[in-house]
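Structure assessment
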Amino acid sequence: MRIYERYTDAELAEMGLSGDRPKHVGIIMDGNGRWAKQRLMPRSFGHRAGMEALHEIVREAHCLGIKTLTVYAFSTENWRRPIAEVNALFGLLTEYFEKEIDELDANGVRIVALGDLEPFPQKVKACMVDAIERTKNNEGLNFCIAINYGSRAEIVSAIKRIVDSGIPSAQIGEELVSDSLYTSGQPELDLIIRTAGEQRLSNFLLWQAAYAEFVFTPVCWPDFDTAEFRRCIAEFMKRTRRFGKVVE
Ligand code: IPE
Ligand code: IPE
Ligand code: MG
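Residues numbered from 1 in each chain as written. Chains lettered and ligands numbered in written order. Predicted model: local features only at pLDDT ≥ 70, side-chain atom pairs only at ≥ 80, totals over all residues. Heavy atoms only, no water.

1. Notes on the state of the cysteines
Every disulfide links exactly two cysteines, by a covalent bond between their sulfur atoms. Tallied over the full model, the rule gives zero disulfides. Of all cysteine sulfurs, the one in Cys232 lies closest to Cys220, which takes part in no disulfide; the gap is 13 Å. Look at Cys232 and you get buried, because its relative accessible area is 0%. (Disulfide = S-S within 2.5 Å. Buried < 20%, exposed > 50% of the residue type's maximum accessible area, 1.4 Å probe, protein only.)

Here's what the structure looks like:
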């Protein structure tokens, strides 16, 4: 089992990553199917390779000192895919947790699910719930997995929770809405990376992305490695974030 070490300041300087790195990075892991197709293989082959890429990126996020990594693993719209692909994805997800949980836990990673786990098969759900339960007091990287996640569904569920709590409308503000979303308690989203060239959000973190920077890379998710991840972070660090203000 690997124990992850944080990079030293000297190592970060060598990588060109000294300075304010993002606290919260979201990744739309896209292109598994195309990656497989290029190799004349079934889509599930791409999903398996994608799972291996995820292993490396979670470790790298920890080493770079990122506080929260949110990955988009399965959208509310992905139920529209053929049932065999959906089942293959669930199988891989279960396998991922069974294989990775000891290492993640030993490295202080806290696993959080963003999305409604209810519709999943019992085995997938149990495995996710166990991972969340087991790591809930860890204080290292927050590893948020958006699974059966859709940002619109998330906002609707937040509205329902607020209405059901009986809070008068005069007391509803942005902070309360933020605190009612699945990402409650996580730092502000700084950066969204989408792989495989598509330039859209596909219902990912709509509210949270208000002031996030976007980096799009043509690399398909299974080929997304630590070097490409660092390149995306370096690109983020070059941006000037104004938040509406005038920056001299
Ligand atoms: C991302 O890869 C994985 C999921 C959406 C679950 P895709 O399966 O969307 O791959 P492409 O976009 O078809 O290449
Ligand atoms: C977004 O990718 C969802 C995930 C990465 C889990 P999709 O491949 O489903 O998005 P669209 O359909 O191209 O917008
Ligand atoms: Mg896709």
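Right, picking up where we left off after that structure.
2. Side note on the pattern of salt bridges
Taken as a whole, this structure holds 20 salt bridges when the rule is applied. For Arg48, the salt bridge identified is with Glu95, shortest N-O distance 2.8 Å. With Arg48 in helix H3 (residues 43-63) and Glu95 in helix H4 (residues 83-106), the pair connects residues that are 47 residues apart, well separated along the chain. In this structure Arg48 comes out as partly exposed when scored by relative accessible area, which is 35%. Classification of Glu95 as partly exposed rests on a relative accessible area of 25%. Residue Glu228 is joined to Arg231 by a salt bridge in which the shortest nitrogen-to-oxygen separation is 3.1 Å. Taken together, the positions of Glu228 and Arg231, both in helix H8 (residues 226-238) and three residues apart, correspond to about one turn of that helix. Salt bridges here are not isolated pairs; linked through shared partners, they connect Asp190, Glu213, Glu235, Arg239 and Arg241. (Salt bridge = Lys/Arg side-chain N within 4 Å of Asp/Glu carboxyl O. Helix = DSSP H or I, 4+ residues; strand = E, 2+ residues; numbered from the N terminus.)

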